[in-house]
Amino acid sequence: AVVLCDRSQKKVEAMARRMDQMGVLRREASGGGNAVPAVMDSAAPCAEAGASHPLLDLLRQGAAAASAGSRTAESAAAGLPASADAPAENYVVTPATFPAQSFDRIILDPPCSALGLRPKLSLGPQMSSIADLDRHTVLQRRLARRAVDLLRPGGIMTYSTCTINAGENEGMVRLILDDHHAMELMDAIVPGEGGERASGGDGGLGRWGLAKAGLTERERRMVRRFEATDVADSMGFFIAKFRKREDN
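The rules behind each value
- Residues numbered from 1 in each chain as written.
- Predicted model: local features only at pLDDT ≥ 70, side-chain atom pairs only at ≥ 80, totals over all residues.
- Heavy atoms only, no water.
- Core = buried A, V, L, I, M, F, W, Y, C linked by side-chain atoms within 4.5 Å.
- Buried < 20%, exposed > 50% of the residue type's maximum accessible area, 1.4 Å probe, protein only.
- Helix = DSSP H or I, 4+ residues; strand = E, 2+ residues; numbered from the N terminus.
- Contact = heavy atoms within 4.5 Å.
- Salt bridge = Lys/Arg side-chain N within 4 Å of Asp/Glu carboxyl O.
- Expected span 1.5 Å × (residues − 1).
- Pairing = 2+ DSSP bridges.
- Phe/Tyr/Trp six-rings, centres within 6.5 Å; stacked < 30°, edge-to-face > 60°.

Trainee: What is the right way to look at the nonpolar core in this model?
Mentor: Side chains of nonpolar character tend, in soluble globular proteins, to be buried together. Judged by nonpolar contacts, the single largest core of 28 residues is most densely connected at Met 157, Val 173, Ile 176, Leu 185 and Phe 242. Of all the secondary-structure elements, those providing two or more residues to this core are strand S1 (2–6), strand S5 (103–108), helix H4 (136–150), strand S6 (151–161), helix H5 (170–179), strand S7 (183–186) and strand S9 (237–244). Looking at this core, the element that brings in the most residues is H4, giving 6 residues. Phe 242 has contacts with Gly 155, Ile 156, Met 157, Tyr 159, Val 173, Ile 176, Leu 177, Met 183, Glu 184, Leu 185 and Met 186, leaving out every residue within four places of it along the chain.

Trainee: What's the story with the pattern of salt bridges in this structure? I'm lost.
Mentor: Between side chains of opposite charge, a pair can form as their charged atoms come close. This structure, assessed with the given rule, holds 13 salt bridges. Here Arg 225 ties to Glu 170 by a salt bridge, and the two come within 2.8 Å at their closest N and O atoms. Of this pair, Arg 225 sits in strand S8 (residues 224–226) while Glu 170 sits in helix H5; the two residues are 55 residues apart in sequence, bridging distant segments of the chain. Comparing Arg 225 with Glu 170, the two get one shared label, buried. Here Glu 246 ties to Arg 243 by a salt bridge, and the two come within 3.2 Å at their closest N and O atoms. Accessibility expressed as a relative area gives 58% for Glu 246, which makes it exposed.

Trainee: How should I be thinking about the side chain of His 180 in this particular structure?
Mentor: With respect to the element layout, His 180 can be found in the loop between H5 and S7. The exposure class of His 180 is buried, given its relative accessible area of 13%. Setting aside anything within four residues of it in sequence, one finds His 180 in contact with Ala 144, Arg 145, Val 148 and Leu 175.

Trainee: I would appreciate a short explanation of H4 in the present structure.
Mentor: One turn of an α-helix holds 3.6 residues; hence residues three or four places apart share an orientation. Its 15 residues give H4 an end-to-end C-alpha distance of 21 Å, which sits within 8% of 21 Å, the value for a rise of 1.5 Å per residue. Within H4, the full set of buried residues consists of His 136, Thr 137, Leu 139, Gln 140, Leu 143, Ala 144, Arg 146, Ala 147, Val 148 and Leu 150.

Trainee: Would you mind showing me how to read the pairing of S7 here?
Mentor: Regular strands show a simple pattern: their side chains alternate between the two faces of the sheet. Judged by which residues are buried, S7 turns out to be one-sided: Met 183 and Leu 185 face inward and are buried, whereas Glu 184 and Met 186, on the alternate face, are not. Alignment of S7 against S9, held across 4 bridges, turns out to be antiparallel. By the bridge assignment for S9, Met 186 is matched with Lys 241.

Trainee: Just to check I follow, could you spell out the packing of aromatic side chains for this structure?
Mentor: Each aromatic ring pair is described using two quantities: the centre-to-centre distance and the angle formed by the ring planes. Under the counting rule described, the total for this entry stands at 1 aromatic pair. A ring pair is formed by Phe 226 and Phe 237, whose centres lie 4.4 Å apart and whose planes are at 5°; its orientation type is stacked. One end of the pair, Phe 226, is in strand S8; the other, Phe 237, is in strand S9, with 11 residues separating them in the sequence. For Phe 226, a relative accessible area of 2% puts it in the buried group.

Trainee: For this particular structure, what's the right way to read helix H1 (residues 9–21)?
Mentor: In this model H1 runs 19 Å from its N-terminal to its C-terminal C-alpha over 13 residues, within 8% of the 18 Å that 1.5 Å per residue would give. Trailing H1 by a residue or two, Gly 23 shows a phi angle of about 90°, which is positive.

Here it is in structure tokens:
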């Protein structure tokens, strides 16, 4: 089953609709499908093994019938309450809803400075200095810590942002690798023509990570950075892929 979590109710609904478009049926409170939308409101510690929660019970009931065996958590934010007008089928959850090592796949798309969005004519009153940019890494690091806890050994975590700020991209990759020795970096190759060649010899869209931004030469070739001047003609964003070692 798939769990979609975000501080924004609208984003949760948009992700659920995207699941529908991709052919992944959405599970509602009344049953059917295997995608569960949920609103995350905290970065609390993980639950104890065997914990019970309506959302967990729903996932367990649908696990046998799910066409895909892996479960994905997209953890995008924490610390804000759910919308008061949240649909009945949405659950308000915290990481404490889920025991550690609950997920095979996690997409961590945390709040960021969004400097990759275009046109970006103003940073707004809350971002007027480099220190304001750096504050995003505090929450990103906290969410990364919780995501690593929730990931099973052998599982895959993708970290992504829509910013070109090195501190939130290459810098966070460095922090994840240094803080969590069980995590190893993998090639994040995006199929396509025109990008720099990844470390494994395969091509793909996007560029390597920035030099002198905290990663070794080998590591920066394993992440993918996209900018407006790239062949893909996309907004600016960043992707890194990790695997949790099974021997830790």
